Amino acid sequence: MVEDLRLDSLEGVGPVTTRKLSDAGVHNVMDLIVRGPVEIAEITGMEKDTAEKIVNKARQHLVETGLISRDFVTASEVYKRRQDIGKITTGTNCLDTLFDGGVETQALTEVYGEFGSGKTQFAHTLAVMVQKPKTEGGLDGGVLYIDTENTFRPERIVSIAQAHEMDPEKVLDRIIVARAYNSAHQTLILEEAGPIIEENNIRLIVADSAVGLFRAEYLGRGTLSNRQQKLNHFVHMLSRIAETYNCAAIATNQVMASPDVFFGDPTRPIGGNVVAHTSTYRIYFKKSGKKRIARMVDSPHHPEEEVIFALGEAGVMDLEDTEKKPGKKTAKKATKKEKESEPETTESIIDSTPETLVESTSGTAELEMVQATEDLDSDDDLESLEE
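Given the structure is predicted, the values throughout are model-derived calculations rather than measurements. (Residues numbered from 1 in each chain as written. Predicted model: local features only at pLDDT ≥ 70, side-chain atom pairs only at ≥ 80, totals over all residues. Heavy atoms only, no water.)

Observations concerning the pattern of salt bridges
- This structure, assessed with the given rule, holds 10 salt bridges.
- A salt bridge links E77 to R70, with the shortest nitrogen-to-oxygen separation between them at 3.2 Å.
- For R70, a relative accessible area of 45% translates into the label partly exposed.
- Measuring nitrogen to oxygen at the nearest pair gives 3.2 Å for the salt bridge that ties R174 to D140. One end of the pair, R174, is in the loop between helix 8 (168–173) and strand 5 (175–179); the other, D140, is in the loop between helix 6 (119–129) and strand 4 (142–147), and 34 residues separate them in sequence.
- A relative accessible area of 40% places D140 in the partly exposed class.
- Within this structure, R35, E39 and E191 form a network of salt bridges that share partners. (Salt bridge = Lys/Arg side-chain N within 4 Å of Asp/Glu carboxyl O. Buried < 20%, exposed > 50% of the residue type's maximum accessible area, 1.4 Å probe, protein only. Helix = DSSP H or I, 4+ residues; strand = E, 2+ residues; numbered from the N terminus.)

Thoughts on helix 6
- For helix 6, the buried fraction is high: 10 of the 11 residues fall into the buried class.
- Turning to helix 6, its buried residues number three or more, namely K119, T120, F122, A123, H124, T125, L126, A127, V128 and M129.

Describing empty space enclosed by the protein
- Under the criterion given, the structure shown has one cavity of 30 Å³ or more.
- Lining the largest cavity, in full, are D31, V34, R35, L190, E191, G194, I241 and Y245.
- Within the residue set of the lining of the largest cavity, elements represented by two or more residues are helix 2 (29–44) and helix 9 (183–191).
- Ranked by the residues each element gives to the lining of the largest cavity, the list is headed by helix 2, at three residues.
- Looking at the lining of the largest cavity, its residues break down into four nonpolar, one polar and three charged. (1 Å grid on protein atoms, 1.4 Å probe; cavity = no way out; pocket = protein on both sides within 12 Å on 5 of 7 lines; lining within 4 Å. Points joined across faces, edges and corners; volume = space filled by probe spheres on them. Nonpolar A, V, L, I, M, F, W, Y, C, P; charged D, E, K, R; others polar.)

With respect to the packing of aromatic side chains
- By the definition in use, this model includes six aromatic pairs.
- Between Y145 and F152, the ring centres sit 4.9 Å apart and the planes meet at 55°, which makes this aromatic pair tilted. The burial state of Y145 is the same as that of F152; both residues are buried.
- Ring centres of F214 and F234 lie 6.1 Å apart, and the angle between their planes is 50°; on these two criteria the pair is classed as tilted. Placement of the pair is F214 in helix 11 (residues 212–217) and F234 in helix 12 (residues 224–244), with a sequence separation of 20 residues. (Phe/Tyr/Trp six-rings, centres within 6.5 Å; stacked < 30°, edge-to-face > 60°.)

With respect to the nonpolar core
- Core analysis: the largest hydrophobic core is formed by 48 residues, its most contacted members being L32, I40, I205, F234, L238 and I241.
- Here the element with the most residues in this core is helix 12; it accounts for seven residues.
- Excluding its chain neighbours within four sequence positions, the residues that come into contact with L32 are L7, L10, L21, V26, I40, I54, V55 and A58.
- Formed by 35 residues, the second largest nonpolar core is a distinct cluster that contains L98, V130, Y145 and I250. (Core = buried A, V, L, I, M, F, W, Y, C linked by side-chain atoms within 4.5 Å. Contact = heavy atoms within 4.5 Å.)

Structure representation (structure tokens):
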């Protein structure tokens, strides 16, 4: 299959054209589809018509090999093809329900929210879960993590892997981290990602965050148009790579507070309509104390709904899983305290038979039994409140 994707396998592409494309960062037939004829003409200096012919030949070649669908197909064929799309479990029942089984391949999923809402933790969790076998909800593939804000932490990967009973060293070895220092470098990393994706069986691409560097470099309204054009190029390329190479793409996004909103949530994602239209799925993460709320904002077929999750040692977690462990510890401590503070007379009174209480003439035993029972009920109520 790799031999079929070489540039010189295309009809009419000779050694000179192959060298020119390779020098420009186009290494295989799939890269031609991802970059498009306009960009190919710009980076190689060839005529636009020539670039269009080469890209069209690349598309026909991929159709013949079955890597992409034909131009005109029935809806039944599209439906059958979508059954083969991979899904990455999030490791939680609530988020899997929100995504209808997991994060899809061949799609760009945007996750936005304020600081501390769990975007990076979600990305770290998926970087571990994608390496699980397909029978366990993963894709048995590697990860390309584009870190633009220096937030990638291998220590977090280790703790998440251990929580899911996976080998931390093997998990770390399958994550390729690319640190981007400016927006141009960030785009260049994505342009050069083709060979990395093939060599390492990459099934998940994470851009954390996708818009941060563009936001920091292009300041003021005078640079807005240029920023949006560069950002549009990046997110479209990310979406095309996900579709062409059959991998999942996650882009985290920053937010801003809209000053013209007087009622409701003023939080708005950065990037405007350029990012909104390109994203296949758009998820909003929101803080609510120690809990986190995830809402499906935009999707071609998912309903708009909200789920509640939490953050813990295993990354993103179901709320029930975080409450179980402390609840058990509290219950055990309360039981020990009960046993230490509980007088011996209480057990003897509870274990006493009704006949013994009837024989008592002073009525003191009945009073002590009622008092002991009320004390036990109050301890049980206290224990349930602690849980």
